Amino acid sequence: MNFKNFKNLIINLSKQGILVFVTLAVLYPLFFVLITSFKTNDEFYQNIWLPGKVFHFENYIMAWIKGNLGLYTLNSIIVVTSSIFLITLFSIFAGYSLAKLLKKGSSTITTIILSTMMIPNEATIVLLFALMVRLGTINTRANLIIVYVGWSLALSTYIFKNFFLSLPKELSEAAKIDGCNEFQVFTKIMIPNSKPAIATVIIFNFITLWGEFLWALLTVSDKNIKTIPLGLFTFQNQYSTQWGPLSASISITIIPLILVFVYFQKYFIEGMTSGAIKG
Amino acid sequence: MPGNKKDYLVSYSFLMPVILMILVIIFIPMVSSFLTSFTEWNGASKPQITGISNYIDILLKNKLFFKSLSNSLKLTLISSVLSVTIGYFLAEALITISRKRLSEFYRLVFFIPAMLPLAVVGILFKFIYNPTYGLLNNLLQLLHLNGLTHSWLGEANLAIYSIIAVNIWKTFGLNMIIFYAGLKAIPKELYEAASIDGAGKLKKMFFISIPLLRPVIELAIVISTILGLKTFDIVYVMTGGGPGRATITVPILIVENSFRYNKFGYGAAIGMVLFVVTLLIIYVIRKFIGTKEKIEF
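Residues numbered from 1 in each chain as written. Chains lettered and ligands numbered in written order. Predicted model: local features only at pLDDT ≥ 70, side-chain atom pairs only at ≥ 80, totals over all residues.

Helix and strand counts for chain B stand at 13 helices and two strands. Projected onto its principal axes, the C-alpha coordinates of chain B cover approximately 80 × 75 × 30 Å. Across the 297 residues in chain B, those meeting the buried criterion constitute 43%. Put simply, of all contacts in chain B between residues at least 6 apart along the chain, 72% involve residues at least 24 apart. (Helix = DSSP H or I, 4+ residues; strand = E, 2+ residues; numbered from the N terminus. Buried ≥ 20, exposed ≤ 12 C-beta atoms within 10 Å, placed from the backbone. Contact = placed C-beta atoms within 7 Å.)

In structure tokens:
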């Protein structure tokens, strides 16, 4: 019996040890950048481990104003919120139609929509670029928004479809007996009931689009519409790196994400665990 | 039924925006990529039809393509296997934690890397890998392991593995969440019954968790594979494909050919090859891991 207890203790301790190790492996690099973001270059070169004597907020001011991160953050907010608004609007309608309205062909259409996710965007990006040039949208915010919406609809529609399938039939039947037509059933009953799915779609797309890099890199050169991921290179070039402002830029990019996530995490993990990712 | 036709109209009009957007942003580029891949086109003048010569060049003559393909496959295979395994074991560990707060804390922390933008993760780790001022080498020196210090991104043989390590750091949290959700859906009674029959933890894992999670494992591997084959941001930011061409991946090669050398037809053809490779690998995964039967509890 003693041996078994001992074995269990060892297993338990190593489990805890691994969890703590992984936690450190995730958090320490971020913490390191946070400390560095408050140091001058000299302080950093003297000792990379310890925080500086004074907190130098100048790095943040420098990143925000001289590095244009303020402007880029604003651009990212505009592009990402407009994209997410359109994505949610389009995909909630489509998901509802696929789940509840279409009697024939729903599963075929779902399969076709989903199979587009197997096409790597990188594979067709050249011709997407050519198409957008022809439409005359390169170097505009609209260009980013249209493409982001197009790329995100398949998964979002699927999330909504699965969610609406999980809602009981009685909900809409009761409303119909009360004299609602399809459209009213949808707007008055279904949308208010789908908050968890909406939260999942919003967070998921926020995470993906906030950091979208390739399309922005290829199509945006105008400083006034650059998004955050493009702004990170300002303090880094081949010959020298300004560690403080660079770290401050990284923090500025990461902090909103972590805040949004901590705030919504309950919905998100609930959404992920229920239905949203059921294959 | 008089309302039938109207219902039909409503249901399709609800679907229209999604179908139109996917048509324009995904299908049209896909079809035109396919067509363009048989031409030589610099993006400005008229495309010259050259048949399959792009493909012949890519598949038979272009050594850089094979370098990039082998890097992409290496990166995809190693990071998928490790990231899915780590994610699975962490989920197993978290599901047995009885303190709810603690389990929530770990889930939140482990998911942080998964939500950081790839470009940011790339810059962060370029900093950490810096030979003189990076966290990693300094940590090794602190532990008196000076022999292990490296120029992590500067050595041609090592750079791709340094990038793979970052990729694993970035993706294990997503797998953890996927498996956590899957494990949560398995009824507790199954484990309790197994305990009564005298099954230990390992037996429960091999005879209950893993068989029942097969569709989830398939999903996790497919997602990791798709993400791995797309790898662009992290490489572009950390090494730009270097040193030399040691870390070039297929998407980097596509962008380079199309936008630096203006060889749109050639870039499109590499894209088509990438698409076919993706499909093939997903097919193989489905064939060997996927199940046709739906598992009901």
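That shown, we press on.
The subject of this paragraph is the interface of chain A and chain B. Contacts between the two partners involve 62 residues from chain A and, on the opposite side, 65 residues from chain B. The element that contributes the greatest number of residues to the side of chain A that touches chain B is helix α13 (residues 243-276) of chain A, accounting for 11 residues. Residues that form the side of chain A that touches chain B fall into these classes: 47 nonpolar, 12 polar and three charged. (Nonpolar A, V, L, I, M, F, W, Y, C, P; charged D, E, K, R; others polar.)

Before going further, it helps to examine the packing of helix α3 (residues 63-95) of chain B against helix α10 (residues 214-229) of chain B. Residues and elements named next belong to chain B. Look at α3 against α10: their axes get within 9 Å of each other, and the N-to-C directions meet at 145 degrees. Here α3 runs over α10; the crossing is right-handed. Contacts between α3 and α10 involve S72, L75, T76, S79, S80, S83, V84 and G87 on the former and, on the latter, A220, I221, S224, T225, G228 and L229. In the contact of α3 with α10, the residues fall into five nonpolar, nine polar and no charged. (Axes fitted to C-alpha atoms, helices over the stretch in contact; angles between N-to-C directions. Left-handed = near helix turned anticlockwise from the far one by under 90°.)

For the rest of this paragraph, the subject is the environment of A:S91. Along the chain, A:S91 turns up in helix α4 (residues 69-101). Along the primary structure A:S91 and A:N143 are separated by 52 residues, whereas in three dimensions their C-alpha atoms are 19 Å apart. The contact partners of A:S91, leaving out residues within four places of it in the chain, are A:L153, A:S156, A:T157, A:F160, A:V201 and B:V18.

In terms of nonpolar packing, the biggest core is built from 152 residues, with A:Y96, B:V120, B:L124, B:I163, B:F179 and B:I270 touching the most fellow members. Per element, the largest residue contribution to this core is 16 residues, and it comes from helix α7 (residues 159-184) of chain B. Looking at which domains feed residues into this core, each of domain 1 (2-36) and domain 2 (67-276) of chain A gives three or more. In contact with B:L124, other than residues within four places in its own chain, are A:P29, A:V33 and A:I250. (Core = buried A, V, L, I, M, F, W, Y, C linked by C-beta atoms within 7 Å. Domains from an automatic or database assignment.)

We now examine the environment of B:L279. All names here are of chain B. Among the structural elements, L279 can be located in helix α13 (residues 264-288). Since 13 C-beta atoms lie within 10 Å of it, L279 is described here as partly exposed. Linking L279 and E104, residues 175 residues apart in sequence, is a C-alpha distance of 36 Å.

Residues and elements named next belong to chain A. Overall, the predicted model of chain A reaches an average pLDDT of 84, with 94% of residues at or above 70. At the low end of the mean pLDDT range in chain A sits α13, at 76; at the high end sits α4, at 92. Contacts for the low-pLDDT stretch residues 275-279, under 50 throughout, to residues beyond four places or in other chains number 14 contacts. (pLDDT = per-residue confidence, 0-100.)

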